[in-house]
Amino acid sequence: MYTKLELEQFVKQAKQYARYGKVADYIPALGKANPNDLSIAIYTPDGSVIDAGDTTDKVTLQSISKIIALALVLTDHGEKKVFQKVGMEPTGDPFHSIAKLEEVQPAKPLNPMINAGALAVTHMINGASVEERFWRLLQFVRKLAGNPEISYSKEVAKSEFETAFLNRSLCYFLKQHGIINEDVEELMDLYTKQCAIEMTCVDLARIGLVFAMDGRDPLAGEQIMPPDVARICKTFMVTCGMYNASGEFAIKIGIPAKSGVSGGILASVPGRFGIGIFGPALDDKGNSITGMKLLELLSQTYSLSIF
Ligand code: GLN
């Protein structure tokens, strides 16, 4: 249905919006990104990939990792246990907001896509040490992407670890209210490594494909997570995946997707394909401005909205 040439054309069009965005620099190492970079890959169940842009560039997952960590803990612990510690409702607030935490009773984060909820989820990753828990998560990511080479950026992890004061304060709030009970520095160590897992947009597209195919990797022929877990993750992508822009994104684009402040977007067109995008120029809500434009062009041209 789409060709590489068309995709390249869309990338060129979307890149023009880079000037309205700005790279994230509150994590100092992310400030080095080039706002004009833009790459996309589309992975289909038969294993074919169509891509355009600088597709060999590796970028960190940042908040995209939240959906993967959620899939892992839901697979490990089941819905009941996970949703005792984190809710299912969108917030309408920025991703790092602390405001709603005091308003809900019992005091648990509203959903796993805001930082407070993601920290509660990362806390639930099984393992005897930070190293073991990170290793389990990394193995899960590698399996989802079908790429055993995937690793993390030590530079980005360190940069976030040294500056994540707001995330630390969220952790202390969660600890006070019994949502987490581990050492805050250990959780921050694990969380910042999780956010610094890096890959190309092709790897990302393959992960999107697994979610699109209800947790099954059609290429390896393996069910990586239960279909219900993939369904819950895709539902969160629709309701909270683009933070407080999720409503507008659902109307304009209508594809389950999750963004990160590195400029990545993981998207899953149910039953059809996975999409991975990297474009570091962000809008004021922390979503890739060029990436969203690119998805809008794709969705409108090929009627990809699920609604
Ligand atoms: N690591 C980032 C943070 O916790 C992820 C945020 C994001 O991608 N929106 O602040």
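Residues numbered from 1 in each chain as written. Predicted model: local features only at pLDDT ≥ 70, side-chain atom pairs only at ≥ 80, totals over all residues. Heavy atoms only, no water.

**Describing the sheet that holds strand β1 (residues 39-43)**
Taken in spatial order, the five strands of this open sheet run β2-β1-β10-β9-β8, and their pairing is antiparallel. The two strands at the open ends of the sheet, each matched to only one other strand, are β2 (49-53) and β8 (257-259). Geometrically, the sheet is characterised by an average inter-axis angle of 10° between neighbouring strands, direction not taken into account. As paired elements, β1 and β2 share five bridges and run antiparallel to each other. Following the sheet pairing, Ala41 is matched in β2 by Asp51. Contacting β1 and β2, helix α1 (residues 4-15) crosses the sheet at an angle of about 35° to β2. Packing against the sheet, helix α12 (residues 289-302) makes contact with β1, β9 (264-269) and β10 (273-278), and its axis sits at approximately 145° to β10. (Pairing = 2+ DSSP bridges. Helix = DSSP H or I, 4+ residues; strand = E, 2+ residues; numbered from the N terminus. Axes fitted to C-alpha atoms, helices over the stretch in contact; angles between N-to-C directions. Contact = heavy atoms within 4.5 Å.)

**Remarks on the layout of surface pockets**
Empty space within the largest pocket amounts to approximately 360 Å³. The wall of the largest pocket is formed by 23 residues, among which Ala33, Lys58, Val59, Thr60 and Ser262 lie closest to the centre. Broken down by secondary-structure element, the contributors of at least two residues to the lining of the largest pocket are β3 (59-60) and α6 (154-163). In terms of residue class, the lining of the largest pocket is made up of 11 nonpolar, five polar and seven charged. In this structure, the second largest pocket spans a volume of roughly 280 Å³. Considering the residues around the second largest pocket, the lining is formed by 13 residues, among which Glu248, Lys252, Asp283, Met292 and Glu296 are closest to the centre. Put simply, the parts of the chain that give the lining of the second largest pocket at least two residues each are α11 (246-252) and α12. (1 Å grid on protein atoms, 1.4 Å probe; cavity = no way out; pocket = protein on both sides within 12 Å on 5 of 7 lines; lining within 4 Å. Points joined across faces, edges and corners; volume = space filled by probe spheres on them. Nonpolar A, V, L, I, M, F, W, Y, C, P; charged D, E, K, R; others polar.)

**A closer look at the site of the ligand**
Among the 13 residues in the neighbourhood of the ligand, the closest are listed as Tyr26, Gln62, Ser63, Tyr191 and Tyr243. Between the ligand and the protein, one listed contact pairs a nitrogen atom with a side-chain N or O atom of Gln62 at 2.7 Å. At 2.6 Å from an oxygen atom of the ligand is found a side-chain nitrogen or oxygen belonging to Tyr191. About the coverage of the ligand: the protein hides 99% of its 300 Å² of free accessible area. Under a 2 Å grid-point criterion requiring more than half of the atoms, the pocket assigned to the ligand is the second largest cavity. Considered class by class, the residues forming the shell around the ligand number seven nonpolar, five polar and one charged. (Near = heavy atom within 4 Å. Polar contact = N/O pair within 3.5 Å; in protein donor to acceptor, adjacent residues only side chain to side chain. Areas by Shrake-Rupley, 256 points an atom, 1.4 Å probe, with all protein chains shown as cover. Sits in = over half its atoms within 2 Å of the grid points.)

**Looking at unusual backbone geometry**
Between Gln105 and the following residue, Pro106, the backbone shows a cis peptide bond with an omega angle of -5°. Locating Pro106 in the fold gives a position in the loop between α3 (79-85) and α4 (115-123). Although it is not a glycine, Gln62 adopts a positive phi angle of roughly 50°. If you trace the backbone, Gln62 turns up in the loop between β3 and α2 (64-77). Overall, Gln62 belongs to the buried group, its relative accessible area being 3%. In the Ramachandran plot, Asp214 falls in the positive-phi region, its phi being about 60° despite a non-glycine side chain. The residue Asp214 is located in the loop between α9 (201-212) and β6 (216-217) in this model. Take Asp214: its relative accessible area is 41%, and that puts it in the partly exposed class. (Buried < 20%, exposed > 50% of the residue type's maximum accessible area, 1.4 Å probe, protein only.)

**Topic: the sheet that holds β3**
Backbone hydrogen bonds are what pair the strands of a sheet, in a parallel or an antiparallel way. Within the open sheet, the three strands sit side by side as β3-β5-β4. Their pairing is antiparallel. Pairing within the sheet leaves two strands with one partner each, and these edge strands are β3 and β4 (151-152). As paired strands, β3 and strand β5 (residues 197-199) are joined by two bridges and run antiparallel to one another. Bridge pairing in β5 links Thr60 to Glu198. Of the strands in this sheet, β4 and β5 are in contact with helix α5 (residues 130-145), which crosses β5 at around 20°.

**Comments concerning the nonpolar core**
If you look at the biggest cluster of nonpolar residues, it comprises 62 residues, and the most contacted ones within it are Ile67, Ile68, Ile197, Ile207, Phe211 and Met225. Those elements that provide at least two residues to this core are β1, α2, α3, α5, α6, β5, α9 and α10 (227-240). The greatest single-element share of this core, amounting to nine residues, is contributed by α2. With residues up to four places along the chain from it excluded, the contact list for Ile197 reads Val59, Thr60, Leu61, Phe134, Leu137, Leu138, Val141, Ile150, Ser151 and Tyr152. Core analysis: the next-biggest nonpolar cluster, separate from the first, contains 27 residues, Ala52, Met242, Ile255 and Tyr302 among them. (Core = buried A, V, L, I, M, F, W, Y, C linked by side-chain atoms within 4.5 Å.)

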